[in-house]
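# Analysis of the macromolecular model
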Amino acid sequence: MLRKFDYSWFLLKRSLWLILPIAAIGMAENKLGKQRCTNLVISIKGDSSTRFLNQSDVQLLVTENGGDPLMGSRLDDVALHELENRVRRNKLIKKCQVFRDLKGNIVVEVEQEKPLARWINTSDNGELRNTSGYYINEEGVFFPLSDTYSARTLLVSGSFFNNSGKMKTEKGASFMELLRFLNTDPFWKAQIAQLNADKEGEIFFTTVLGNQRIEFGTAEDYQLKFNKLKIFYENVLSKDWSRYQRISIKFQDQIVCE
């Protein structure tokens, strides 16, 4: 009988250890919900060199240009999910999370889009037609330019980029691998001034040093092509950068120069 009582008391104590913290959290949540919003705390994550939006821009998005100021609102009455949707409607923002803290603040954490390349509208001979264009992120998604900030990134042009759906194809996947490579390789990131691709995915580059036009072919086997081109740079072009204006590496096992 004593053992049964001891066992029951043991279970009761364990239950209390579980119930009391849950009850305390519930009371704290209830008390917090009755609090008024004291401040908006905005955090912008991502690449520090990219500044499409600042804290004031995000505050205007959260408050719908000041129409819903939030300050002084009961925290229970604030629809956090709706605030997240307001912010996400801006295509320059990749992710957004809104929550409330124990101090009565509404915390807004956003992550900006990171541009991998910028498409510019050019004519067939490479002349800039107008300032329209868009950025391409690391997933191949197009997003709009900013009115206040221009990111320093690889410039791309050509009709291949007219259809965003192409970036989801097998050919588009190879293209995305090439763009990622050009953003991470120090030598080629500094050397490639612009990439142009026609509707079939045939690529040519213009370079910074030597101002050559490089006919690259398609994005497939891009690493082998760049290895071949770098050997040519080291053994031939390094002796006279102005010697050739056109270099073709689109054909296997050969380099054609003019």
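Everything that follows concerns the structure shown earlier in this document.
Now for a description of the structure that goes with this document. (Residues numbered from 1 in each chain as written. Predicted model: local features only at pLDDT ≥ 70, side-chain atom pairs only at ≥ 80, totals over all residues. Heavy atoms only, no water.)

## Describing the pairing of strand S10 (residues 213-217)
Most of S10 is tucked away, with four of its five residues classed as buried. Pairing geometry for strand S9 (residues 203-207) and S10, over four bridges, is antiparallel. In the strand pairing of S10, Phe-205 is matched with Ile-214. Counting the residues that bridge the hairpin from S9 to S10 gives five residues, and of these Gly-210 lies at a positive phi of roughly 95 degrees. Summarising the sheet, S10 and strand S11 (residues 246-248) pair through three bridges and their orientation is parallel. Its bridge partner being in S11, Ile-214 is matched across the sheet by Ile-247. (Buried < 20%, exposed > 50% of the residue type's maximum accessible area, 1.4 Å probe, protein only. Helix = DSSP H or I, 4+ residues; strand = E, 2+ residues; numbered from the N terminus. Pairing = 2+ DSSP bridges.)

## Digging into the sheet that holds strand S3 (residues 105-112)
Sheet strands pair by backbone hydrogen bonding; their relative direction is either parallel or antiparallel. Pairing within the open sheet is mixed, and its three strands lie in the order S1-S3-S2. A strand with exactly one partner marks an edge of an open sheet, and here the two such strands are strand S1 (39-45) and strand S2 (93-100). Looking at each pair of strands side by side, their axes are set apart by 15 degrees on average, direction ignored. Note: S2 against S3, seven bridges, orientation antiparallel. The residue of S3 that forms the bridge with Val-98 is Val-108. Contacts between helix H2 (residues 55-62) and the sheet are confined to S1, S2 and S3, with S1 contributing the most and set at about 120 degrees to the helix. Of the strands in this sheet, S2 and S3 are in contact with helix H3 (residues 80-88), which crosses S2 at around 155 degrees. (Axes fitted to C-alpha atoms, helices over the stretch in contact; angles between N-to-C directions. Contact = heavy atoms within 4.5 Å.)

## Observations regarding the nonpolar core
One recurring pattern in soluble globular proteins: nonpolar side chains tend to sit buried together. Ranked by internal contacts, the top residues of the largest apolar core, which has 34 residues, are Phe-161, Leu-182, Leu-195, Phe-205 and Phe-226. Only strand S4 (115-122), strand S5 (128-137), strand S7 (154-157), helix H4 (170-184), strand S8 (192-197), S9, S10 and helix H6 (222-235) provide two or more residues apiece to this core. In terms of residue count, H4 provides more of this core than any other element does, six residues in total. Not counting chain neighbours up to four residues away, the residues in contact with Leu-182 comprise Leu-154, Trp-188, Lys-189, Ile-192, Leu-195, Phe-205 and Phe-226. Grouped together as the second largest cluster of nonpolar side chains are 22 residues, Leu-53, Leu-92, Val-108 and Tyr-135 included. (Core = buried A, V, L, I, M, F, W, Y, C linked by side-chain atoms within 4.5 Å.)

## Re the pairing of S8
In terms of residue burial, S8 counts as a mostly covered element, since five of its six residues are buried. When S7 meets S8, the two strands line up parallel, connected through three bridges. Bridge pairing in S8 links Val-156 to Leu-195. As judged from the five bridges shared by S8 and S9, these two strands associate in the antiparallel manner. Looking at S9, one finds that Ala-197 is bridged to Ile-203. Hairpin geometry of S8 and S9 is characterised by an intervening segment of five residues between the two adjacent antiparallel strands and by a positive phi of about 90 degrees at Gly-201.

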